[in-house]
Amino acid sequence: RPYAAITGIGGYVPQKRRTNFDLEQVCDTSDEWIVKRTGIKERRILDSDLATSDMAVMAIRDLCTRFGKDLNQVDAILVATSTPDVMMPATANIIAKKLGLNNVWAFDMNAACSGFLYALDMGSSLIETERYKNVLVVGADNISAFVDMHDRSTNILFGDGAGVVWLEPSLETGIIDAFMQSNGDGRAYLNIEGGGSLNAQDNENIALEKKYIRQDGKVVFKQAIQSMSDACNQVLKRNNLAIDQVDWLIPHQANKRIIDAVGKEINIAAGRTLSNIEYLGNTIAATIPLCIWENLKELQKGDLLMLTAFGAGFSWGASLLRW
Ligand code: ACO
């Protein structure tokens, strides 16, 4: 069977910046505190008249321009998002419509911050069946629409963005392994409780409170480090690899301290971890493809990449791929 190889990558982040100094104006926080505790200096924020699909379309167009790809070749579009444009139809359908694609199979997948890795595993499985030759896997989130600007435990972390990879069959390089996990106990610690079918008839005030992302930061912090480290170690073990054989660790960008702690836990060498959290914050499902997109020059053909993510659910995982 062929591997699913990444043969193109695109990204988009909105122009508008939200700096730590902007946040100092709306809640009791400081640039110094945010940088020290999270490593974040600024995030990008989408205009309120746009939505997740708009960023995804820009990212896909960026991919096509950079890699000379023809959208008419696309067989399927998988979109990892937990901030869909609307409840129904899927954002993937909206993206396909905006791109003028009428003959694709398009659907969404919600695994929060782990969404891109889950979708990458699904997309690579489609390629491995040999029934699909060109699959787009998007990670896109307009999370700023669900951030309570007065909640300093969340407003400091999140930004908007979209990343996309083009998967094709290859006999040489591609996705080698993926280890995905979830545990529903995580719901209490990280959620957006409103907007779904549960309590859809709530009165307006309750609905407003539940509209925003809420979390117990300390629980999420500890669990993220443990779960991502475990997932990486599982993948190393079952592929008989030592960590020094991995060229790059590309972790979900949630908090610089989480990224550093995972690197330490799995013992990756200094300078081998890619990060963009300082100027993009946590863009949920977009962090990993955006991180690859921004660091394309660093990656050499044949490099071994370990991707790992953790998010609401809880959901987590790690993927191993040969670039
Ligand atoms: N500005 C200033 N002070 C603050 C802020 C803030 N934004 N937030 C909390 N504080 C204060 C607290 O009140 C507390 O004060 P005290 O010591 O007087 O009681 C002190 O700073 C320490 O607060 P903690 O909550 O212990 O701070 P912590 O170091 O845990 O950092 C944070 C909080 C940044 C939210 C961290 O827990 C975190 O990043 N958790 C992971 C959350 C996450 O990544 N969620 C995203 C979704 S999932 C994912 O992507 C992995």
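About the criteria used
Just so you know, the residues in each chain are numbered from 1, in the order the chain's sequence is written. The model is predicted, so local features are restricted to residues of pLDDT at least 70 and side-chain atom pairs to those at 80 or more, both for listing and for counting; the totals for chains, interfaces and linings are taken over all residues. The basis for every side-chain value is the complete set of heavy atoms in the structure, and neither hydrogens nor water enter the calculation. By the criteria applied, helices consist of DSSP H or I runs no shorter than four residues and strands consist of E runs no shorter than two, each listed in order from the N terminus. Accessible area is worked out with a 1.4 Å probe on protein chains only. A residue is then buried under 20% of its type maximum, exposed over 50%, and partly exposed in between. Only heavy atoms enter the contact rule, under which two residues are in contact if any of them lie within 4.5 Å. By the criterion applied in these results, polar contacts are pairs of N or O atoms within 3.5 Å in which, for protein atoms, one can donate a hydrogen and the other can accept it, and in which residues neighboring in sequence qualify only through two side-chain atoms. By convention, a stacked pair of Phe, Tyr or Trp rings (six-membered ring in the case of Trp) has centres within 6.5 Å and planes under 30 degrees apart, an edge-to-face pair has planes over 60 apart, and any other such pair is tilted. Whether a charge sits over a ring depends on NZ of Lys or CZ of Arg being within 6 Å of the ring centre and within 35 degrees of the ring normal. Think of each axis as a best-fit line through the C-alpha atoms, taken over the contacting stretch in the case of a helix, with angles from 0 to 180 degrees between the N-to-C directions. Each crossing gets its hand from how the near helix is turned against the far one by less than a right angle, where anticlockwise is left-handed and clockwise is right-handed. Note that Gly is not counted as nonpolar here; it falls among the polar residues with everything else outside the nonpolar set of Ala, Val, Leu, Ile, Met, Phe, Trp, Tyr, Cys and Pro and the charged set of Asp, Glu, Lys and Arg.

1. Section: the environment of aspartate 62
1) Next: Along the polypeptide, aspartate 62 turns up in helix α3 (residues 52–67).
2) Next: Assessed through its relative accessible area of 18%, aspartate 62 is described here as buried.
3) Next: Here the alpha-carbon distance between aspartate 62 and glycine 8, two residues 54 residues apart in the chain, equals 9.8 Å.
4) Next: Residue contacts for aspartate 62: discarding those within four places in its chain leaves Ile9, Gly10, Gly11 and Trp293.

2. A few points about the side chain of threonine 38
1) Next: Along the chain, threonine 38 falls in helix α2 (residues 31–38).
2) Next: A polar contact is formed between the side chain of threonine 38 and the backbone oxygen of isoleucine 34, at a distance of 2.6 Å.
3) Next: With residues near it in sequence (within four places) discarded, threonine 38 still touches Ile156, Leu157, Asn255, Lys256 and Ile277.

3. Focus: the packing of aromatic side chains
1) Next: For the coordinates displayed, the defined rule picks out five aromatic pairs.
2) Next: An angle of 15° between the planes, with centres 5.6 Å apart, marks the rings of tryptophan 105 and tyrosine 132 as stacked. Of this pair, tryptophan 105 sits in strand β5 (residues 105–109) while tyrosine 132 sits in the loop between α5 (115–128) and β6 (135–141), placing them 27 residues apart in sequence.
3) Next: Relative to phenylalanine 314, the ring of phenylalanine 310 lies with its centre 4.8 Å away and its plane at 40°, an arrangement referred to as tilted.
4) Next: Under the relative-accessibility criterion, phenylalanine 310 is labelled buried at 4%.
5) Next: Each residue in the set Tyr189, Phe310, Phe314 and Trp316 is aromatic and connected to the rest through ring pairs, giving one cluster.
6) Next: Over the ring of tryptophan 248 we find arginine 272; its NZ or CZ atom is 4.2 Å from the centre of that ring.

4. Observations regarding the packing of helix α7 (residues 217–238) against helix α8 (residues 256–266)
1) Next: Running from N to C, α7 and α8 point in directions that differ by 40°, and their axes come no closer than 9 Å. Considering the relative orientation of α7 and α8, their crossing is right-handed. Only Arg257, Ile258, Ala261, Val262, Glu265 and Ile266 of α8 make contact with α7, whose side of the interface consists of Phe221, Ala224, Ile225, Met228, Ser229, Cys232 and Asn233.
2) Next: Taken together, the residues that form the contact of α7 with α8 break down as nine nonpolar, two polar and two charged.

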